[in-house]
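An overview of the molecular structure
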Amino acid sequence: LDIDGFKGFVSWKHSKKLKNDLIIGTSMFYKILQVNEATKIVEMTNDIKKCKPKATFENIQQVKPGDKIDATINEISDKGMKCNIGVNLEGFLDVRDMNISPNSDISTNDKYKKGLVIMCCVLEVDAQKNLIRLSNRKNVLKMKYKNDSKNIGKMLSPHKILSKINDVMVLEPINKNESIEEKLTVEFSKKDAFFSKFVPGDAISCKIKAQNPFTNNFVITSHFLTNDLEPTKNYFGIINNVSESSLTILMGNFYYNTYFDPSSVKRSFKLGEKIEFRVLSVKKGHVTVSVDEMFTKDPNPLITSIDDIKVGMKLTGLIRSNSKLLIGVKFYNFIIGRIPMKNNH
């Protein structure tokens, strides 16, 4: 085929007409499959099923994960491609979701050109961010979409890692009573390098962000918000900074500071170390945590208000002040107790 100086090539496997039915000089409708700029050959097809344009979307609410759509490439960058998929609607095809082998020498610009129409599958739709994530990998296009969102947003805290291959892990709940299932196959977001520090045998705390519609694995994230953390619950993080009397613990994209008395701590802390800590209180976006075993191993009941405290109850508290008259003790959720010096032994 002659296309404005380029040679268009249709292999017999892509042709739905017999050789004797093709007449030189006849104009026909074809769809571009691939462009090779080095050889200046455009691979095409006249298969009506592939050539027939699909209905475009008018708004993002019409787009659903699992939809197979024709996407027209608008812009190509090192991170991926922006594709037109409807009326004022753009989808993003990340380089990791392109149909290019990681070990291949073929670059994005070698295989894809602006204006090329490619078949894609919708992986994710975020209406708030106006984001539509696409993939044109062959294995993804062949897979049947599954959708089960009943567990989205649930906390997994803590789970033990049984095995780990790349970004896929098998987890087992430490507290079987809080388990969604006996064992979970999960995968973590490739943007969340936090989980790469953990190995089989470690325990992690995380949140179910989504469910992979094709593998049905849970997608977990460590991007905790302060209102995701619960007082009296234990979590795991990475030590990001150490001083003589304080630690900075990284969990996902959030940092939590805790202070301690060096004379009362019998262990040392190292940068990059995985550490268990207990949330003491959460109030107005401020989180108080402790790495003291007095708290992390403490079986105390949940104290949400002063009404939960009964006469005769034994509680573990953190000394916050010491004067000649009394000692201030901090419990969960910013509840303060005071011990008069005459009762202090």
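So, here is what we can say about the structure in this document. Note on numbering: residues in each chain are counted from 1, in written sequence order. Confidence filtering applies because this is a predicted model: local features only for residues at pLDDT of at least 70, side-chain atom pairs given and counted only at 80 or more, and all residues used for totals across whole chains, interfaces and linings. Calculated side-chain values reflect all of the structure's heavy atoms, with hydrogen atoms and water omitted.

Let us now look at the overall build of the chain. For the chain, the helix and strand inventory stands at 4 helices and 22 strands. Scored against the burial criterion, the 345 residues of the chain give a buried share of 39%. For the accessible areas, the method is Shrake-Rupley and the probe is 1.4 Å, while residue cover comes only from the protein chains on display. For the chain, the exposed area adds up to about 21,500 Å²; of that, 51% sits on carbon and sulfur atoms. Where helices and strands are cited, they refer to DSSP runs of H or I of at least four residues and of E of at least two residues respectively, numbered from the N terminus. For every residue, the accessible area obtained with a 1.4 Å probe (protein chains only) is divided by the maximum for its type, and the residue is called buried under 20%, exposed over 50%, and partly exposed between those limits.

Bringing the pattern of salt bridges into the picture now. By definition, a salt bridge exists where a carboxyl oxygen of Asp or Glu is found within 4 Å of a side-chain nitrogen of Lys or Arg. One pass over the structure, following the stated rule, counts 4 salt bridges. Note that aspartate 97 is salt-bridged to arginine 133, the shortest N-O span being 3.2 Å. With aspartate 97 in the loop between strand 7 (89-94) and helix 2 (108-111) and arginine 133 in strand 9 (residues 131-135), this pair connects stretches of sequence that are 36 residues apart. On the basis of relative accessibility, which here comes to 10%, the residue aspartate 97 falls in the buried class. Since its relative accessible area comes to 32%, arginine 133 is described here as partly exposed.

Moving on: unusual backbone geometry. Unusually for a residue other than glycine, asparagine 130 sits at a positive phi of about 55°. When you line up the elements, asparagine 130 lands in the loop between strand 8 (117-126) and strand 9. Of the residues examined, asparagine 130 reaches a relative accessible area of 53% and is grouped as exposed. If you check the backbone angles, asparagine 166 has positive phi at about 55° while not being a glycine. Examined against the element boundaries, asparagine 166 turns out to sit in the loop between strand 10 (155-165) and strand 11 (168-173). Residue class for asparagine 166 comes out exposed when judged on its relative accessible area of 67%.

The strands that make up a sheet pair up through hydrogen bonds in the backbone, lying either parallel or antiparallel. Two strands pair under a simple rule: DSSP has to find at least two bridges between them. Taken in spatial order, the 5 strands close into a barrel running 10-11-12-14-13, and their pairing is mixed. Ignoring strand direction, the axes of neighbouring strands in this sheet form an average angle of 60°. Where strand 11 lies against strand 12 (residues 184-188), 4 bridges are found, and the strand directions are antiparallel. Each bridged residue has a counterpart across the sheet, and for leucine 171 the counterpart in strand 12 is leucine 184. Every axis in this analysis is a line fitted to C-alpha atoms, fitted for helices over the stretch in contact. Angles between the N-to-C directions lie between 0 and 180 degrees.

The sheet built from 5 strands closes into a barrel, its strands ordered 5-6-7-9-8 with mixed pairing. Within the sheet, the average angular offset between the axes of one strand and its neighbour, ignoring direction, is 50°. In the sheet, strand 5 (residues 68-76) pairs with strand 8 via 5 bridges, with the strands oriented antiparallel. Paired with threonine 72 across the strands is valine 117, a residue of strand 8.

To continue, consider the packing of aromatic side chains. Pairing of aromatic rings covers Phe, Tyr and Trp, the last through its six-membered ring, and needs centres within 6.5 Å; plane angles under 30 degrees mean stacked, over 60 mean edge-to-face, and all others mean tilted. The tally for this structure, following the rule as stated, stands at 5 aromatic pairs. With a centroid separation of 6.2 Å and 35° between ring planes, the pair formed by tyrosine 235 and phenylalanine 277 is classed as tilted. Here tyrosine 235, found in strand 15 (residues 234-242), pairs with phenylalanine 277, found in strand 18 (residues 274-283); they are 42 residues apart in sequence, far enough to count as distant. Residue tyrosine 235 is classed as buried on the basis of its relative accessible area, which comes to 1%. Residue classification places phenylalanine 277 among the buried positions, given a relative accessible area of 0%.

This brings us to the nonpolar core. Residues Met169, Phe195, Ile204, Ile220, Leu229, Met251 and Phe277 are the most contacted members of the largest nonpolar core, which totals 32 residues. If we ignore the near neighbours within four places in the chain, the residues touching isoleucine 220 are Leu156, Met169, Val186, Glu187, Phe188, Ser189, Phe195, Ile204, Cys206, Lys207, Ile208 and Lys209. Judged by nonpolar contacts, the second largest core, of 24 residues, contains Val35, Ala71, Ile73 and Ile100. What is meant by a nonpolar core is a set of buried Ala, Val, Leu, Ile, Met, Phe, Trp, Tyr and Cys residues, joined one to another through side-chain atoms within 4.5 Å. In what follows, residue pairs with any heavy atoms lying within 4.5 Å of each other are defined as contacts.

So, about the environment of lysine 176. Tracing the backbone shows lysine 176 in the loop between strand 11 and strand 12. Overall, lysine 176 belongs to the partly exposed group, its relative accessible area being 44%. Sequence separation between lysine 176 and histidine 159 is 17 residues, and the spatial gap between their C-alpha atoms is 9.5 Å.

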